[in-house]
Amino acid sequence: MNNRLLFYCAVTAVLAVAVPIYLTKAFLVILLLLLYILLKKMPIKQVLILLFIFALFCTRSYYSDRANISQLTGEESQIQFSFSAYPEINGNRMSGLAKLNDKENIWFTYRINNEREANELKNTVLTGKTFRVSGKLEKPIHETVENGFDFLSYLRFHKAHWIIRIDTLEEIPKKGGNLFVKLAQMREGEIKRIDQLYSETSGSFTKALIFGEQSGITEEMYNQFKKLGIIHILALSGMQVALVSAILFYIFLRIGMTRRQTYAVLACILPLYAIIT
């Protein structure tokens, strides 16, 4: 199988996954045109391979999308959820996605009662914690502005079908957690430590460069970097990974490890760093 065919296979798989979710008349016309071009330019054997891949991925995507339904009825006034990532706290509001179970998430909003509670939430690692909450469930709505942000589609893509406006929030003590939860907790803890040690501007840049966390970057800062043509600095890229690798490589060699051992350790560390970021 040559490289060109592999490329066509990858593109076909991506299109097949998107078809059940984003199928429109324009999308269908594009697919038919692509099929016509392939039939004209490629051997029939390769076309059949691509059609098989398309059918396989399209079927998998279709049934996965069909299974993306809510287990809630909307009548519930009390539920339990856990944070798979730390929520956003803006003033006296906390909001974000929370995990109901392995198949469903939920978007929540919570009005923080006082400054003491706000400081406690900001300084506590919330990732992996489970809460019992009471409040009102609401259905998200489509965008009201044409070509605007479609919050309903965003939530559906993240397997969330309801919004809960929390009245009361009670933590349920829970121990354990898998490797991904532990790494997410470490990420949140370090981000909050950066917030405590650095000023708002310096902390925002530090979080973006180390962890890829850009929530602290204001629109004004973003536009300034964009005008200067250095917006890529705020995004984690191969350059940052290469820099981290070089620093660790030098440290491991200095403490007496061989090159072979260093390569093996880096091969284990870098995937974990990718998960953290």
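See the structure shown above.
Residues numbered from 1 in each chain as written. Predicted model: local features only at pLDDT ≥ 70, side-chain atom pairs only at ≥ 80, totals over all residues. Heavy atoms only, no water.

Draft legend 1. Quick peek at the overall build of the protein. Counting its secondary structure elements, the protein contains 10 helices and six strands. Against the globule reference of 19 Å for 277 residues, the protein gives a C-alpha radius of gyration of 23 Å, more extended than a compact globule. Once the C-alpha set of the protein is aligned to its principal axes, its extents read approximately 70 × 60 × 45 Å. When the 277 residues of the protein are sorted by exposure, 30% land in the buried category. Partitioning the intrachain contacts of the protein with sequence separation of at least 6 by distance along the chain shows that 64% fall at a separation of at least 24. In the protein, 32 side chains carry a positive charge and 23 a negative one; their mean positions are 12 Å apart. (Helix = DSSP H or I, 4+ residues; strand = E, 2+ residues; numbered from the N terminus. Rg over C-alpha atoms; globule rule 2.2 N^0.38 Å. Buried < 20%, exposed > 50% of the residue type's maximum accessible area, 1.4 Å probe, protein only. Contact = heavy atoms within 4.5 Å. Lys, Arg positive; Asp, Glu negative; His and termini not counted. Charge placed at Lys NZ, Arg CZ, Asp CG, Glu CD.)

Draft legend 2. Region of interest: the nonpolar core. Formed by 20 residues in total, the largest nonpolar core has its most connected members in Ile79, Phe81, Phe83, Met94, Ile106, Phe108 and Ile164. Of all elements in the fold, only strand S1 (78-82), strand S3 (93-101), strand S4 (104-111), helix H4 (115-123), strand S5 (130-138) and strand S6 (160-172) reach the threshold of two or more residues within this core. Once residues within four sequence positions are removed from consideration, Phe81 is found in contact with Ala98, Lys99, Leu100, Ile106, Phe108, Lys129, Thr130, Phe131, Val133 and Ile166. Grouped together as the second largest cluster of nonpolar side chains are eight residues, Leu38, Met42, Val47 and Leu50 included. (Core = buried A, V, L, I, M, F, W, Y, C linked by side-chain atoms within 4.5 Å.)

Draft legend 3. Main features of the environment of Val19. Within the secondary structure layout, Val19 lies in helix H1 (residues 3-22). Overall, the relative accessible area of 9% leaves Val19 in the buried class. With 39 residues separating them in the primary sequence, Val19 and Cys58 have C-alpha atoms 6.8 Å apart. Ignoring sequence-local partners within four residues, the contact set of Val19 consists of Phe27, Leu31, Phe54 and Cys58.

Draft legend 4. How the structure looks around the packing of helix H6 (residues 179-197) against helix H7 (residues 200-211). Where H6 meets H7, the axes come as close as 9 Å, and the angle between the chain directions of the two elements is 155 degrees. The angle between H6 and H7 falls in the class roughly antiparallel. Crossing hand, H6 versus H7: right-handed. Across the interface between the two elements, Arg187, Glu190, Ile191, Ile194 and Asp195 of H6 pack against Gly203, Thr206, Lys207 and Phe211 of H7. Along the lines of polarity and charge, the residues of the contact of H6 with H7 split into three nonpolar, two polar and four charged. (Axes fitted to C-alpha atoms, helices over the stretch in contact; angles between N-to-C directions. Parallel < 35°, antiparallel > 145°, perpendicular 65-115°, else oblique. Left-handed = near helix turned anticlockwise from the far one by under 90°. Nonpolar A, V, L, I, M, F, W, Y, C, P; charged D, E, K, R; others polar.)

Draft legend 5. Spotlight on H1. Between its first and last C-alpha atoms H1 spans 28 Å; for 20 residues at 1.5 Å apiece the expected length is 28 Å, and the two agree. At its buried positions, H1 is contacted by helix H2 (25-41) and helix H3 (44-66). (Expected span 1.5 Å × (residues − 1).)

Draft legend 6. Fine view of the packing of aromatic side chains. Going through the model one piece at a time under the given rule, you end up with nine aromatic pairs. Their ring planes at 55 degrees and their centres at 5.5 Å tell us that Phe81 and Phe83 sit as a pair that is tilted. Ring centres of Trp107 and Phe151 lie 5.3 Å apart, and the angle between their planes is 90 degrees; this geometry places the pair in the edge-to-face category. Here Trp107 is found in strand S4, whereas its partner Phe151 is found in helix H5 (residues 151-157), with 44 residues between them in sequence. On the basis of relative accessible area, Phe151 is assigned to the partly exposed category, the value being 21%. Taken together through their ring pairs, the aromatic side chains of Phe81, Phe83, Phe108 and Phe131 make up a single cluster. (Phe/Tyr/Trp six-rings, centres within 6.5 Å; stacked < 30°, edge-to-face > 60°.)

Draft legend 7. Highlighting H6. If you check H6, its first and last C-alpha atoms are 27 Å apart, about what 19 residues at 1.5 Å a residue would give, namely 27 Å. Those residues of H6 not exposed but buried are Leu183, Arg187, Glu188, Ile191, Lys192 and Ile194. For H6, the arc enclosing every buried residue in end-on projection is 165 degrees, short of the 170-degree limit, so these residues lie on one face. In H6, the exposed positions angled more than 90 degrees off the buried face are occupied by Leu179, Gln196 and Leu197. (Arc of directions from axis to C-beta.)

Draft legend 8. Broad picture of the packing of H2 against H3. Running from N to C, H2 and H3 point in directions that differ by 150 degrees, and their axes come no closer than 9 Å. It follows from the interaxial angle that H2 and H3 lie roughly antiparallel. Residues Leu31, Leu35, Leu38 and Leu39 of H2 form the contact with H3, whose own contacting residues are Ile44, Val47, Leu50, Leu51 and Phe54.

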